[in-house]
Every structure is written in C-alpha cells, then in structure tokens.
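Secondary and tertiary structure notes
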Amino acid sequence: MKKNTFTTIWKSNFTTYGIVLLFFAVMMILMATGNLSRLMRGQLVPICAYAIMAASLNLTVGVLGELSLGHAGFVSIGCFGGGLAAALLHDAGAGELVCLAGAVLAGVLLSTLAGFLIGLPVLRLNGDYLAIVTLACCQIIKSLLTNLFVGRDESGLHTGFLTQPEGVAADAFVIRGSQGLRNAAVIDNFPAAVVLLILCLIIIYNLIDSKSGRAIMALRDNKIAARSIGINITSYKMMAFVVSAAMAGAAGALFGLSQATVLPGKFDFNMSVLILVFVVLGGLGNIRGSVIAAALLTILPEKLRFLADYRMIIYAVVLIVVMLMRNSTVFHGLGEKIQGLLRRKKTAGSPPRDPDTDPAGKEG
Amino acid sequence: MKKKLAWLMLAAMVVTVLLSGCGTKNSNTFKIGMTGPLTGGAAQYGIAAQRGAQIAVEEINAKGGIQFELKVEDDTHDAEKAANAYNALIDWGMQISLGSVTSTPCEATARIAAAEKIFALTPSASSTSVTKAGGGYQFQICFSDPNQGSASAVYIKNKGLATKVAIIYKNDDVYSTGIYESFKTKAAELGLSVVSETSFNDDTDTDFSVQVAAARTAGADLIFLPMYYEPASLIFAECNKIGYTPKFFGVDGMDGILTMKGFDTKLAEGVMLLTPFAADASDAKTKSFVQKYQEKYGEIPIQFAADGYDCIYAIYEALQKCDAKASMTAAEIGALLKDTFTSSSFSFSGLTGSGMTWNAAGEVTKDPKGMEIKNGAYVGLD
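Residues numbered from 1 in each chain as written. Chains lettered and ligands numbered in written order. Predicted model: local features only at pLDDT ≥ 70, side-chain atom pairs only at ≥ 80, totals over all residues. Heavy atoms only, no water.

**Looking at the sheet that holds strand E6 (residues 164-170) of chain B**
All names here are of chain B. Rule in force here: For two strands to be treated as a pair, DSSP must find no fewer than two bridges joining them. Only DSSP runs of H or I reaching four residues or more are called helices, and only runs of E reaching two or more are called strands; each is numbered from the N terminus. Under this scheme, a helix contributes an axis fitted over its contacting stretch, all axes are lines through C-alpha atoms, and angles between N-to-C directions fall in the 0 to 180 degree range. The contact criterion used is simple: two residues touch if any of their non-hydrogen atoms lie within 4.5 Å.
Read across the open sheet, the seven strands follow the order E7-E6-E8-E9-E10-E14-E15; overall the sheet is mixed. Each edge of the sheet is formed by a strand with only one pairing partner; in this case those strands are strand E7 (193-200) and strand E15 (377-380). Ignoring which end each strand starts from, the neighbouring axes of this sheet average 25° apart. The sheet contact formed by E6 and E7 spans seven bridges and is parallel. Bridging across to E7, Ile-168 finds its partner in Thr-198. With respect to the sheet, helix H6 (residues 145-158) is in contact with strand E8 (222-225), strand E9 (247-250), strand E10 (272-275) and strand E14 (369-374), its orientation differing from that of E10 by roughly 135°.

Below is the structure:
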C-alpha cells in the first residue's frame, strides 16, 4: 500500500462503483432507446454474476493469497440452493424480486455453510495442496448435485439421492439429477443484479479496508511475522474463505435464476479456471480489475462470433496478448507516457498523483 | 495508469455494444437459424446437422422460388452459450429456427422461441422438456426420448430377443437417462426382466470393466445401451476382451459407430438398434442424399445430418402450403407454420420417416426402424 489514507481508498473504491453504475446507465439508455442487441441484453445478468464470482474469488486468491480451484463448487451450491428456494417462493405466489432475494439469501446461507465445512480441513493446507483439495471439493459437489433429486408437489417436498423419489411427476422436479436445475420462472432482472454486484463490492472493499482485512493481507505477505504480532491465522483465513464462498453463492443464485436450465456439469473444473482467469487477468488483489475482466471476457467470445471457426483461437490469442501486455515494461512505459501527456495538457502546475491505489497493491 | 486502462477498456466495450446488432433483410429470402455444438465434445452432431441442412438449403435454392439463408451458431453443447447464440441469431434477423441440435441447449433456446413466437423445428433435441419449454412453438423431427425407450422395450419383448436385460446408461446425460427411465418403466410393465443397471458419467467414460462384469455376473443375455456410440464402442471392446457375448441393443445415438475412426467394425457385428435413418437404405432419396454428402464432405452422413436435411424440407413444404412471405416478421411466419404443422392435412415424408405428423405439443409421430449390423453394414430387421 502506497498511500493508505482515507481519501485515496475512498476515491479508488468509488471509481469502481462509478464504473459499475456507468455501465448500468449506458445499458439502460441503450435498452430504452432500443439500441441494445438481443445478445447483449441476454448477457447482462450473467455478466453481473461473473463479476461477483471474480471479485469474490479475488478475496481468496488475491487478498488471502491462497490458490483456490474450487470456486465453481460454491457457485453451484448457490445456484441449486437458490433455484430451489426460488421455486418454493414462486409456488407460494411470491413476486419476482422476492423470489430473487430469497434465492440469493438461500444461496448465501448454503454456500457459507459449505465454505465453513470445507474450510475447516482445507485451510490447514497451503499452496499447491490447498489448490488440489479445493479442486477435489468442487468435483465432489458436482457429483453430489448430479445425483440429487428434489421435487415438490401438493404433499410437500420429495428428495432422493442416487434414485428418483417414487411417484413424483416429472414436472414436479426442481432439481433432477443429471438433468439439472429446472427453474419455475426465469428471473432476468438487470437492475437487481447491479444492486447485488455493488453490494458485494461494498462488502469486499470494506472487509479489505478494515482491521480484519489488514490482518488477512498481513498473513498473506508473511505468515510468521503475522503470527508473531498475535494475528489468529486460522480465524482470519477462515473469514476470507467463507466470505468469498458466501458471495460465490450469491452469484450462483443470480446466475442460476437467469437461465432456463442449469446442469450440474456446468460447474466443473473449467468453470473454476475461467473465474481464476478473470482474477489473474484483472490483477491479483485488484477487485476493480476482476470485475472489468469478468465483463470483458464474458462479452468477448460472443462478440467474436463473426469469426466462426476461428473464434476460440482468437479468444485464446487475445488472452495471451493481454496477459503479456500486463507484464510488459514497454506497454507500461507507453501507458505512463500517454498519462504524462494528458496531465501536461490539463494542468501544468498540479503535482502528479498516482491513481494506482489498489488496496492490496499486489500485481503480477 | 490502471484507472486509465480501465476507462479505455470500458470505452472499447461500449463501442462494441453500439456497433452490434445491425443487419439487412433480403426481401425474397427466409432467414433460418440454428444453434449446435460446432466445437467441443459433441461437435460431430452439430456439424453433421449443419451439413445436412446446408445440402437441403442448396437443393432448394437451386430450384428457384422460395429461397433460404442458413446460419448456424456454435453453442458448444451448453445452455448458457446456446441462449447467447440464439439471441445473436435474432439480432441477425432469423425468421425461422431449427432450434438447437442437442437437448439441454435446446431447452434454453425453446424458451426464447416461445417468448418471441418464433417457429422452431429441432433436428435432434429429443428430450420432452424441449417441447415443454417451447410452449407450442418448438417442434421435433426426431423421436422423443421416452418414445425411444418404450419402443425399444416393446421391440425386445415382442421379438423375444432376451430374457434377462442389463442396462448401462450415462447418468449425467439428459438423453441417456431419459431413455433409460422410460425403458425401465416399460420393461416393468411388459414383464421384461432387468437384472443389472449400471451407469457412468463424463469423468468415467473410458473404462467399462465394472459395468460389463456386473452385467455378466447377473447373467444378462442382452445389454441395452441408451448412449452415443463412443462409449458404446468401448463397451463392445470390453465384452470382446473378456469373452462375453450378449446381444446388444442400442438407440439412435449408436448410429455413426460404423464410420467411427479407429473402430474395428467386427466388434459391432450383430448390434441391433432402433434408428429412423440408415445411410445404406436403397430408396432414391437416401441414395441421392448420401451421395451428395459424400461428394461434399467426404464421409457417410450420420442420422443427425439426415435430421437436419429433413427439417429444412419439412419447413419448405409447410411454407409452400401456408403461403408465407419472406417479408413477414418471425412471429407472423411462426404463427402460420405452427398452424400448418399441427393441421391434420399436413404430413411430411423424408429421409428419417414417411408420413410424419405433429401434435400440438410439437412432438412427431413416425415409426421407428429396427436395424441390425451385419458384415459391417446396417440391415433392416423387418
């Protein structure tokens, strides 16, 4: 941290909120004037969900400094738990927003619980071992969900594991094993998604800027030194991990409800890696970067559709180029030059101010 | 620095959004769209359906009169991507849809089709949840999964093919579990004895020793294989390795096994399957299609290609019947086509069946064909 004063943190955080709100405003204007493409309209809520997933994973990977490859597992718990809650609320005649709020709440509760249970044994490990075990946990969650059956009808809830509960009509199932989650109503509410995204950002930023956040970063930077000054390593590790899992659950519920159907297989290792790519591309510890990277990398493959068969190749090439650019001194020098020019144009007298005030300040 | 970069990226994003969603409409051409897996594990089904449909489009355009323009977007067999692809097709100006090639993505696109009132006729998404999500706008040209499962059970029972049946199915696949469930229900109804039920999933589809051993231990004399042909080929190899020779009974996903690269077709000798299409059928339509396909793409078409081909022709015949104009909107054409397909006077005969009719839910009625593999070729069982 270079200038850890209240104002710089405040400015940095509000820039992020500002970017999200600007994105929201631009999209709403485009929508109101009928200029928003169908493709983009359909992606708005998933973009918010991916941004929350990336920001929350950054808490574990960037701020806590532990590599987790199981983030998709928490997302899927939120997705399926939230979907079930929404279906029950929908049956009870609740409105769209109530269903969504209930789903997010259920998703958060379930994934918090899962994060705690998984965190207990997992956080005793470090580095590669932690990555492997979180990966395994993600696979276990996927397998469990593939074999889970939950249906509801007049006589109440019916659950089954491995086999379907007898005598339940096919339509009555909310979660049907390999056939996944079938939503009673698709809730695709962009304003609500933006509110949830900003809420998650507020939580993450406030955690980072709090006493606990500084303790978490201290144990990331030097575990022994942190312990020597009396920081409880286990509890702070657990705090970051569980908060991260909880928000992944919220993102899962948001994402799940925006889709007609979600298969458990969607949340596999590849999904975990995709979220990790958002985080690495955006910068470890850089929450704003994660959000922007998540949005861009969700839009990019769809925008490259005109390339047909070469789409995924170009996507991969873009990823490599951006990663290289992030680390190249040439690019950084160029950026500073441009910045210098801009500054000279504006006010010759004012002292140069470093806007790079990401709380963690740790970059690849 | 980073802040500037963030603004730059945001600006780039806004520009891409603003630039998208423009398209021109040709007044005498119908725009047909389809999503399917063109990349990834299920790519061969999407590509086959695309190629089959493309051949039909070229044939029809050569005739003059109604003209078609076909656009296929990749969905990588994923529901989220399929919805994106479908939205991209709507942005392009799609008027008629072929839905999606595979079931779960098609469920997502059928929902959009229903909301936008676009007529969709899927070549091969066979799950019943597809037509349910489509709210009367999503039609199928293939059998629904339950139909296949129960038809297989009836066929095995009526022909007296087996006394003890073992089932191996893929439990994380909608197609496989759908057929499995209906087969099991029908078998119980008919008194067909199912002695072993084992499953596998995406992560365990490379070794079948456990499943085959279970079937052998239970004394099964027929193994029912509701799955696609790659895992089936491994099951044949495993049985051959341990010297276990039950009868095998497959479903339409088995089609394609004879053209699979590196597969010893001797292993599939005697395999029976219910499929609506056989590439070596002797009727003129199939012969001409197979010849064109081979000339163009250098391989024998699988059932998905025939399904794609039939979809285009079914739409072509319906369009002629209902007098739709290419200048109409998707919803107007959708309403006309929907009424035409469900009307009692409309029936379609193609490569995958003759006298096909559709009910209001969008499901097709046609007869399954029993096939057996003899000397490396399909032979009709009846």
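**Here's the deal with the nonpolar core**
Note the threshold: What we call a nonpolar core is a set of buried Ala, Val, Leu, Ile, Met, Phe, Trp, Tyr and Cys residues that are connected through their side-chain atoms within 4.5 Å. Only protein chains enter the calculation, and the probe is 1.4 Å; a residue is then buried if its accessible area is under 20% of its type maximum, exposed if over 50%, and partly exposed in between.
Grouped together as the largest cluster of nonpolar side chains are 103 residues, with contacts concentrated most on A:Ile52, A:Met53, A:Phe190, A:Leu201, A:Leu254 and A:Phe267. Element by element, the count of residues in this core is highest for helix H2 (residues 38-63) of chain A, at 16 residues. Ignoring anything within four residues of it in the chain, the contact list for A:Phe267 reads A:Ala72, A:Val75, A:Ser76, A:Cys79, A:Phe80, A:Cys138, A:Lys142, A:Phe255 and A:Val262. Membership of the second largest hydrophobic core comes to 75 residues, among which are B:Ile60, B:Ala162, B:Tyr228 and B:Leu337.

**Some words on the domain arrangement of chain B**
Residues and elements named next belong to chain B. Put simply, the test is: Note that the domain bounds were set by an automatic or database domain assignment. Here the quantity called buried area is the total loss of accessible area, with a 1.4 Å probe, experienced by two parts when brought into contact, counted for both. Take a side-chain nitrogen of Lys or Arg and a carboxyl oxygen of Asp or Glu: if they are within 4 Å of each other, that pair is a salt bridge. Pairs of N or O atoms within 3.5 Å make up the polar contacts considered here, provided that, within protein, one atom can donate a hydrogen while the other can accept it, and that residues adjacent in sequence are counted only when both atoms are side-chain atoms.
In terms of domain boundaries, chain B breaks down into domain 1 (29-143 + 285-367) and domain 2 (146-275). Between domain 1 and domain 2, the C-alpha centre-to-centre distance is 29 Å. Contact with domain 1, which involves 12 residues of that partner, is made by 13 residues of domain 2. Where domain 1 abuts domain 2, roughly 1,100 Å² becomes buried across the two surfaces, and 53% of that area is made up of carbon and sulfur atoms. On the domain 1 side of the interface with domain 2, the three residues burying the most area are Tyr-45, Phe-143 and Gln-303, jointly 40% of the side's total. Linking domain 1 to domain 2 there are zero salt bridges. For the interface between domain 1 and domain 2, the tally reads three residue pairs in polar contact (both at pLDDT 80 or more).

**Let's talk about the pairing of strand E12 (residues 353-358) of chain B**
Residue and element names in this part refer to chain B. Of the pairings in the sheet, the one linking strand E11 (residues 348-350) to E12 comprises two bridges and is antiparallel in character. Across the sheet, residue Gly-350 finds its bridge partner in E12, namely Gly-353. What sits between E11 and E12 in their antiparallel hairpin is a turn of two residues. Bridge analysis of E12 against strand E13 (residues 364-365) gives two bridges, and the strand direction is antiparallel. Counted as the bridge partner of Trp-358 is Val-364 from E13.

**Structural notes on the packing of aromatic side chains**
Defined as follows: Stacked, edge-to-face and tilted labels apply to pairs of Phe, Tyr and Trp rings (six-membered ring for Trp) whose centres lie within 6.5 Å, assigned for plane angles under 30 degrees, over 60, and everything in between, in that order. For a lysine, the NZ atom is tested; for an arginine, the CZ atom; a charge sits over a ring if that atom is within 6 Å of the ring centre and within 35 degrees of the ring normal.
Per the counting criterion, the structure on display carries 34 aromatic pairs over all chains. On the basis of an interplanar angle of 85° and a centroid distance of 5.8 Å, the ring pair of A:Phe74 and A:Phe241 is categorised as edge-to-face. On the criterion of sequence distance, the pair formed by A:Phe74 in helix H3 (residues 71-91) and A:Phe241 in helix H9 (residues 233-257) is long-range, its members being 167 residues apart. On the basis of relative accessibility, which here comes to 5%, the residue A:Phe74 falls in the buried class. Ring pairing ties together the aromatic residues B:Phe30, B:Phe68, B:Phe277, B:Phe289, B:Tyr293, B:Tyr297, B:Tyr309, B:Tyr313 and B:Tyr316, which thus form one cluster. Over the ring of B:Trp92 we find B:Lys31; its NZ or CZ atom is 4.9 Å from the centre of that ring. Between B:Lys338 and the ring centre of B:Tyr137, over which it is positioned, the NZ or CZ distance is 4.7 Å.

**Quick look at the state of the cysteines**
Residues and elements named next belong to chain A. What counts here: When two cysteine sulfur atoms are found within 2.5 Å, that pair is recorded as a disulfide.
Tallied over the full model, the rule gives zero disulfides over all chains. This cysteine, Cys-79, is not joined by any disulfide, and Cys-138 carries the nearest cysteine sulfur, 13 Å off. For Cys-79, a relative accessible area of 1% translates into the label buried. Here Cys-200 stays free of any disulfide, with the sulfur of Cys-48 as its closest cysteine sulfur at 10 Å. Residue class for Cys-200 comes out buried when judged on its relative accessible area of 5%.

**Remarks on the sheet that holds E12(B)**
Strands sit in the order E11-E12-E13 (chain B) across an open sheet of three strands; the sheet is antiparallel. This sheet does not close on itself; its edge strands, each paired only once, are E11 and E13 of chain B.

**Focus: the environment of B:Asn375**
All names here are of chain B. The topology assignment puts Asn-375 in the loop between E14 and E15. Relative accessible area serves as the criterion here: at 74%, Asn-375 is assigned to the exposed category. Considering only alpha carbons, one finds Asn-375 and Thr-265, 110 residues apart in sequence, at a separation of 8.4 Å.

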